[in-house]
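A look at the structure
As a plain string of letters, each chain reads:
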Amino acid sequence: MNCAQLIQVFEQQAAESYACDWDNVGLVAGSRKKEIKKVYIALDATDAAVQEAIDAQADLLLTHHPLLFHGIKRVTDDDLIGRRLISMIRADLAYYAMHTNFDVKGMAQLAAEKMGLTDCVPLEETCVEQGIPQGIGRVGSLEREMTLEECCTAVQTAFGRKYVQVFGTLSAPVRRAAICPGSGKSDVQYALDAGADVYITGDIDHHTGIDAAACGMAVIDAGHYGIEHIFVPYMAQYLRAHAPEITVVTQGCAEPFQIVAQN
């Protein structure tokens, strides 16, 4: 199938119209007429991901986070964005991003299901479709009441995390949970307003964490990559089911940073 036809497959999962106004989703580079036989999927269009896609002889790179958020005035090899775009164009590698549109139509529900949340509603409502609210994140009930420490273990198990950062009392009981994959600082108030006992997200800074705990809501920071890496296997499975003629290659799951601890 050509790129335009593959984009229709992507749109069936998460139409570009669901993206936030500030976002930059869709076909970022390449021709809609290009024939696509192999897709490489990663969370970010890093130097490594671009090179791995080229080495795999992929025709299209699919990522969650867009390489470009804002307009650029020139494409040169003087900066990393320009170098990556030049590498993709030279290799005839098309590039497509599914960001906040996938957050609304995929990521939120997938993360909630991995945590076993029930009676879920959107954490931050972004639109209403046929009378049904749609939005970023989810808030619902854990399968049972548990301690915050037990909830941390559940998060680690659900998302393959070796560690999480926690604000709150580990022995405190939690039942109502909010989850927002990625960077969740801007949605803390939504979680508080929803009466969440615990908020599961990433990129929580010191002051936001201690203030949330002071308001009676624990925070489990599982990392930005730590939750959103689920995009890669999910979209691989989706493409294999909805475009079986396409060969799918995925980037391995690995944190973009390392933790160094003293013995």
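Please refer to the structure higher up on the page.
A few points on the structure. The model shown is predicted, which means the values in this text are computed figures rather than measured ones. (Residues numbered from 1 in each chain as written. Predicted model: local features only at pLDDT ≥ 70, side-chain atom pairs only at ≥ 80, totals over all residues. Heavy atoms only, no water.)

What follows covers the sheet that holds strand S4 (residues 94-97). Spatial strand order, S1-S4-S3-S2-S11: five strands in an open sheet with mixed pairing. The open sheet has two edge strands, strand S1 (26-29) and strand S11 (247-250), and neither has a second partner. Mean inter-strand twist for the sheet, computed between neighbouring axes without regard to direction, equals 25°. Taken together, the four bridges between strand S2 (residues 38-42) and strand S3 (residues 60-63) define a ladder with parallel strand orientation. (Pairing = 2+ DSSP bridges. Helix = DSSP H or I, 4+ residues; strand = E, 2+ residues; numbered from the N terminus. Axes fitted to C-alpha atoms, helices over the stretch in contact; angles between N-to-C directions.)

A word on the sheet that holds strand S6 (residues 132-147). The strand order S5-S6-S8-S9-S10-S7 describes an open sheet built from six strands, whose pairing is mixed. Where the open sheet ends on each side, the last strands, each with one partner, are strand S5 (118-129) and strand S7 (165-167). Strand after strand, the sheet turns through a mean of 25° between neighbouring axes, direction not considered. In this structure, S7 lies alongside strand S10 (residues 218-221), joined through three bridges in antiparallel fashion. Its bridge partner lying in S10, Val166 is registered against Ile220. Strands in contact with helix H4 (residues 100-114) are S5, S6 and strand S8 (173-183); relative to S6, the strand with the most contacts, it is inclined by about 5°. Contacts from helix H5 (residues 148-159) reach S6, S7, S8, strand S9 (198-202) and S10, with the element oriented near 125° to S6. (Contact = heavy atoms within 4.5 Å.)

At a minimum axis distance of 11 Å, the contact between helix H1 (residues 3-13) and helix H9 (residues 231-242) shows a crossing angle of 120°. Between H1 and H9, the crossing angle belongs to the class labelled oblique. In terms of crossing hand, the pair formed by H1 and H9 is right-handed. Side by side, H1 and H9 meet where Leu6, Val9, Phe10, Gln12 and Gln13 of the first sit next to Tyr234, Met235, Tyr238, Leu239 and His242 of the second. Here the contact of H1 with H9 is built from residues that sort into seven nonpolar, three polar and no charged. (Parallel < 35°, antiparallel > 145°, perpendicular 65-115°, else oblique. Left-handed = near helix turned anticlockwise from the far one by under 90°. Nonpolar A, V, L, I, M, F, W, Y, C, P; charged D, E, K, R; others polar.)

All right, on to H4 then. Along H4, the sharpest change in direction is near 45° and occurs at Gly106. In terms of burial, H4 is a largely internal element, eleven of the 15 residues being buried. By the burial criterion, the buried members of H4 are Thr100, Asn101, Phe102, Asp103, Val104, Gly106, Met107, Ala108, Leu110, Ala111 and Ala112. Where H4 terminates, the next one or two residues include Gly116, which has phi positive at roughly 70°. (Bend = angle between axes of the 7 residues up to and from the residue. Buried < 20%, exposed > 50% of the residue type's maximum accessible area, 1.4 Å probe, protein only.)

Along helix H3 (residues 80-90), the residues that are buried comprise Gly82, Arg84, Leu85 and Met88. Buried residues of H3 fall within an arc of 165° about the axis and therefore sit on the same side. Against S1, helix H2 (47-55), S3 and S4 lie the buried residues of H3. Its side-chain oxygen 3.1 Å from the backbone nitrogen of Ile81, Asp79 forms the N-cap of H3. Looking at the residues trailing H3, positive phi occurs at Asp92, about 55°. (Arc of directions from axis to C-beta. Polar contact = N/O pair within 3.5 Å; in protein donor to acceptor, adjacent residues only side chain to side chain.)

A separate point is the packing of H2 against H3. At a minimum axis separation of 10 Å, H2 and H3 run at an interaxial angle of 5°. Our classification of the angle between H2 and H3 gives roughly parallel. On the side of H2, the interface is formed by Asp47, Val50 and Ile54, while H3 contributes Arg84, Ser87 and Met88. Looking at the contact of H2 with H3 residue by residue, the classes come out as three nonpolar, one polar and two charged.

Moving on, we come to the pairing of S9. Burial analysis of S9 places five of its five residues in the buried class, the great majority of the element. Alternating positions in S9 separate into two faces, Val198, Ile200 and Gly202 on one and Tyr199 and Thr201 on the other, with burial throughout. Summarising the sheet, S8 and S9 pair through four bridges and their orientation is parallel. Across the sheet, Ala178 pairs through a bridge with Tyr199, a residue of S9. Once the chain exits S8 it traverses helix H6 (residues 188-193) before rejoining the sheet at S9, and the crossover so formed is right-handed. Across four bridges, the pairing between S9 and S10 is parallel. Bridging across to S10, Thr201 finds its partner in Asp221. (Right-handed = clockwise from strand over helix to strand, strands pointing away.)

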